[in-house]
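Given next are the chains, with one letter for each unit.
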Amino acid sequence: MSFRKIDIDAYDEDVLLEGELCEPDPRDPAQILSDAKQKQAAVRSTLAKGDIPGALGIALDSTPYGPNVEEAKNLTLQTVVSILNSTKSSEISNVVKALSQDAQDTLMKYLYKGMGMPGWGDVSGSVLLGWHEKLTEVAGTGCIVRTMTDRRTV
C-alpha cells in the first residue's frame with residue numbers, strides 16, 4: 001500500500017470537521033431556497049421604487065449559509081450583485097452607512113465571493129472593487145477581519 005493513499009485524518013481522533021466549525025443553518029434547504037426566491041422578488045420591487053438601502057437590507061437579512069444550500073447561496077449572490085450594479089458610485093457611501101455592522105460584514109462576504117467566482121470579475125469586477133473600497137472606508141479594516149474569520153460562508 002502506498003503511503004500517499006492513506007487518509008491520515010481517519011486515524012486522528014482530534015480531527016476537526018467542517019461541520020463542527022459553525023452551526024448549520026437550522027432551516028430546511030427547500031425553505032432556504034424559497035426564502036431566497038421571495039427575497040429576490042422583494043428586492044426587485046424595492047429597487048423599482050428606487051430604495052437601494054432597503055433593497056440591500058432585504059438581501060442581506062438572514063442569508064443562507066452552511067452545506068446543501070448552494071442554489072440559494074448563488075441566487076442571493078446574484079440578487080446582491082444586481083443591487084450593487086444598479087447603484088450609482090456617488091451613492092455607495094450613503095448606502096453603506098445606512099447598513100448595520102452585521103449587514104456590512106455580510107456585504108463584505110458577498111463582495112469576496114463575487115470576486116472569487118470564475119467569470120464574475122469580467123462582468124462586475126470594477127463594481128465589486130468600488131464597493132469594497134467604500135465599505136472599507138466606512139466600516140474599517142475590522143470588517144475585513146470579521147469576514148475572513150467567520151466560518152459561516154455565504
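Data block above holds the structure.
These figures come from a predicted structure and were not determined experimentally.

### Concerning the packing of helix H3 (residues 70-85) against helix H5 (residues 101-116)
Next, step 1: Across the interface, H3 lies against H5 with an axial gap of 10 Å and an inter-helix angle of 100°. Considered as vectors, H3 and H5 are oriented roughly perpendicular to each other. When H3 is examined against H5, the residues Lys-73, Asn-74, Thr-76, Leu-77, Val-80 and Leu-84 are found in contact with a partner set consisting of Leu-107, Tyr-110, Leu-111, Lys-113 and Gly-114.
Next, step 2: Per-class residue counts for the contact of H3 with H5 are six nonpolar, three polar and two charged.

### A short note on empty space enclosed by the protein
Next, step 1: Throughout the structure, instances matching the rule amount to one cavity of 30 Å³ or more.
Next, step 2: The volume enclosed by the largest cavity comes to roughly 40 Å³.
Next, step 3: In this structure, the largest cavity is lined by Ala-36, Lys-39, Gln-40, Ala-59, Thr-76 and Thr-79.
Next, step 4: Per-element accounting of the lining of the largest cavity gives the leading share, three residues, to helix H1 (residues 29-48).
Next, step 5: Its residues placed into classes, the lining of the largest cavity shows two nonpolar, three polar and one charged.

### Considerations on the pattern of salt bridges
Next, step 1: Taken as a whole and judged by the stated rule, the model has six salt bridges.
Next, step 2: The salt bridge partner of Arg-146 is Asp-105, with a shortest N-O separation of 2.8 Å. Here Asp-105 lies in helix H5 and Arg-146 lies in helix H7 (residues 141-149), a separation of 41 residues in the sequence.
Next, step 3: We classify Asp-105 as buried; its relative accessible area is 9%.
Next, step 4: Between Arg-152 and Asp-150 there is a salt bridge; the shortest N-O distance is 3.3 Å.
Next, step 5: On the basis of relative accessibility, which here comes to 23%, the residue Asp-150 falls in the partly exposed class.
Next, step 6: Salt bridges sharing common partners tie together Asp-25, Arg-27 and Asp-35.

### Brief notes about the layout of surface pockets
Next, step 1: Roughly 320 Å³ of internal volume is contained in the second largest pocket.
Next, step 2: Around the second largest pocket, the lining is made up of 18 residues, and of these Thr-63, Asp-102, Thr-106, Lys-109 and Arg-152 lie nearest the centre.
Next, step 3: If you list the elements that add at least two residues to the lining of the second largest pocket, you get helix H2 (52-60) and H5.
Next, step 4: The element that contributes the greatest number of residues to the lining of the second largest pocket is H5, accounting for five residues.
Next, step 5: Residues that form the lining of the second largest pocket fall into these classes: four nonpolar, five polar and nine charged.

What counts and how
Residues numbered from 1 in each chain as written. Predicted model: local features only at pLDDT ≥ 70, side-chain atom pairs only at ≥ 80, totals over all residues. Heavy atoms only, no water. Axes fitted to C-alpha atoms, helices over the stretch in contact; angles between N-to-C directions. Helix = DSSP H or I, 4+ residues; strand = E, 2+ residues; numbered from the N terminus. Parallel < 35°, antiparallel > 145°, perpendicular 65-115°, else oblique. Contact = heavy atoms within 4.5 Å. Nonpolar A, V, L, I, M, F, W, Y, C, P; charged D, E, K, R; others polar. 1 Å grid on protein atoms, 1.4 Å probe; cavity = no way out; pocket = protein on both sides within 12 Å on 5 of 7 lines; lining within 4 Å. Points joined across faces, edges and corners; volume = space filled by probe spheres on them. Salt bridge = Lys/Arg side-chain N within 4 Å of Asp/Glu carboxyl O. Buried < 20%, exposed > 50% of the residue type's maximum accessible area, 1.4 Å probe, protein only.

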